[in-house]
Amino acid sequence: MSSDLSGAHPSARRAPSAFRAFPVFLAFLAMGFGDAVGPFVGLAKQQFDLSNFAAQLIAFMGFIMFGILSVPMGIYQDKRGKKFILLLGLAVMLASMLIPTVLGLTTFPVFLLTVLLLGAGATTLQVAGNPLMRDVSAPAKYSRNLSLAQFVKAIGSLSGPLIPVIAANAWGLDWKIVFPVYAAAIAVALAAGMTLRVESAAPSARPATLGSCLALLRNGYVSMMVLAIFLYVGAEVSVSSGAPLYLRERFGVDISRIGLLGTGLFFAALTIGRFSGGVILNWLKPKVFFVITSILSVAGLLGLFVPNGTLAVASFFVAGLGFANIFPLVFSITIDRMPEHTNALSGLMVMAIVGGAFLPPLMGWVADAAGSVQSGFVVPLAAVAYIVWVSLVSGRKPQAAA
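Everything numeric in this text was worked out from a predicted model, so none of it was measured.

(A) Region of interest: the nonpolar core. Residues F40, I58, F111, F316 and F323 are the most contacted members of the largest nonpolar core, which totals 127 residues. Of all the elements, helix α9 (residues 220-251) adds the most residues to this core, at 17 residues. Once residues within four sequence positions are removed from consideration, F323 is found in contact with Y232, A235, E236, V239, F266, L270, S297, L301 and V384.

(B) Seen up close, helix α4 (residues 82-103). Taking 1.5 Å as the rise per residue, α4 with 22 residues should run 32 Å; its terminal C-alpha atoms sit 32 Å apart, in good agreement. A maximum bend of about 25° is found in α4 at M97, where proline P100 lies one to four positions downstream. Residues K82, I85, L86, L87, G89, L90, M93, L94, S96, M97, I99 and P100 constitute the buried set of α4. Just downstream of α4, G104 is the residue with a positive phi angle, here 90°.

(C) Structural view of the packing of helix α3 (residues 52-80) against α9. As a packed pair, α3 and α9 sit with axes 11 Å apart at the nearest point and diverge in direction by 140°. Comparing the axis directions of α3 and α9 gives the class oblique. Every pair of crossing elements has a handedness; the one defined by α3 and α9 is right-handed. Together, N52, Q56, A59 and F63 of α3 and V233, V237, S241, G242 and L245 of α9 make up the contact between the two elements.

(D) Inspection of unusual backbone geometry at higher detail. You will see that D49, though not glycine, has its phi angle at about 55°, which is positive. Among the secondary structure elements, D49 is positioned in the loop between α2 (37-48) and α3. By relative accessible area, which is 69% here, D49 ends up exposed.

(E) Focus on the side chain of S159. Mapped onto the fold, S159 is located in helix α6 (residues 142-171). Setting aside residues up to four positions removed in sequence, S159 forms contacts with F33, P164 and Y182.

(F) Focus on a nonpolar patch on the surface. Taken together, the side chains of L162, I166, W171 and L173 define a hydrophobic patch exposed on the protein surface, amounting to about 410 Å² of accessible area. Assignment of secondary structure puts L162 in helix α6.

Cut-off values and rules
- Residues numbered from 1 in each chain as written.
- Predicted model: local features only at pLDDT ≥ 70, side-chain atom pairs only at ≥ 80, totals over all residues.
- Heavy atoms only, no water.
- Core = buried A, V, L, I, M, F, W, Y, C linked by side-chain atoms within 4.5 Å.
- Buried < 20%, exposed > 50% of the residue type's maximum accessible area, 1.4 Å probe, protein only.
- Helix = DSSP H or I, 4+ residues; strand = E, 2+ residues; numbered from the N terminus.
- Contact = heavy atoms within 4.5 Å.
- Expected span 1.5 Å × (residues − 1).
- Bend = angle between axes of the 7 residues up to and from the residue.
- Axes fitted to C-alpha atoms, helices over the stretch in contact; angles between N-to-C directions.
- Parallel < 35°, antiparallel > 145°, perpendicular 65-115°, else oblique.
- Left-handed = near helix turned anticlockwise from the far one by under 90°.
- Patch = residues over 30% accessible without salt bridge, like charges linked within 9 Å, V, L, I, M, F, W, Y side chains within 5 Å.
- Areas by Shrake-Rupley, 256 points an atom, 1.4 Å probe, with all protein chains shown as cover.
- Salt bridge = Lys/Arg side-chain N within 4 Å of Asp/Glu carboxyl O.

Structural data, given as structure tokens:
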């Protein structure tokens, strides 16, 4: 990943103003648009009359780029700089939204291309966004700004399920209105990003490479935590994409109008949870909070197996609160244990987001095989059960890194 992660902190240079961080916050908002892949599943399933498995291939196309691009893009970032990579990510995301906006969304392959480019852009923004926030933040404000950036990203994620519902109910518009809305917002973020003035940090003595990243997987602790990220992201996308399908099948909810209610509550809970998590961690140890939030996630998913509509909808909210802080907790706990391998670990953690490509199709296959969407939720439930186990054992001292 970028050498800036282990290089000199910008505190050695002029303290950046709050205004300089604004374009990066806009990039995090656009980054959240990538999570619209989840809500797109139910909408596209209805639009193109897809099977559960085919519908979940949408999530696969959206997240496979994390496995393909994350480490190579991080290495390329060492050569071209974080600002260039950030602008590249925004440009790719803008292209993904212009395809359906200008050409129309007439076929399923065109939609898959849109989602593929959306995932590529989101991957590139993930690689650049977190370390770049460090460069534009004053020394004492980096942690706060990064927490706020995750909150802003969650707002972008929440817009995915909300915009189609609002457009349908308020103006009778089709769900595809989300594409020109996102295109306009990304264009603004791209224009703002061009104004960024970033001073380079000192280069790392040992920049991360593909080899150094993969070598760390021989360490049992690292592989356990990377797998936790893989399964967490897969579970999150499975829940967000499966929510409208579940509500439609179990309770006859109309997806085009209120069928995204479950997804909206899930993303709303993620937004609230990520904002409040930063406050809670001021007085609660991360490892303790990790256990609590993991157990809460399991409790929320178990509620989906109770035959009660109100409880099912509430369960999506509870699951979202539990899911909200799993990623930053796994990431930070791992980095704190092995700070000398920050670059390589960062590459592995971003690459593990590819889990969002594999678990949703598995969930769709289980749902088709069992004949019910509800049965498919066994897949994210099993994934989160593993994360509960990780939360209980992650406090143990890891093996010496390779």
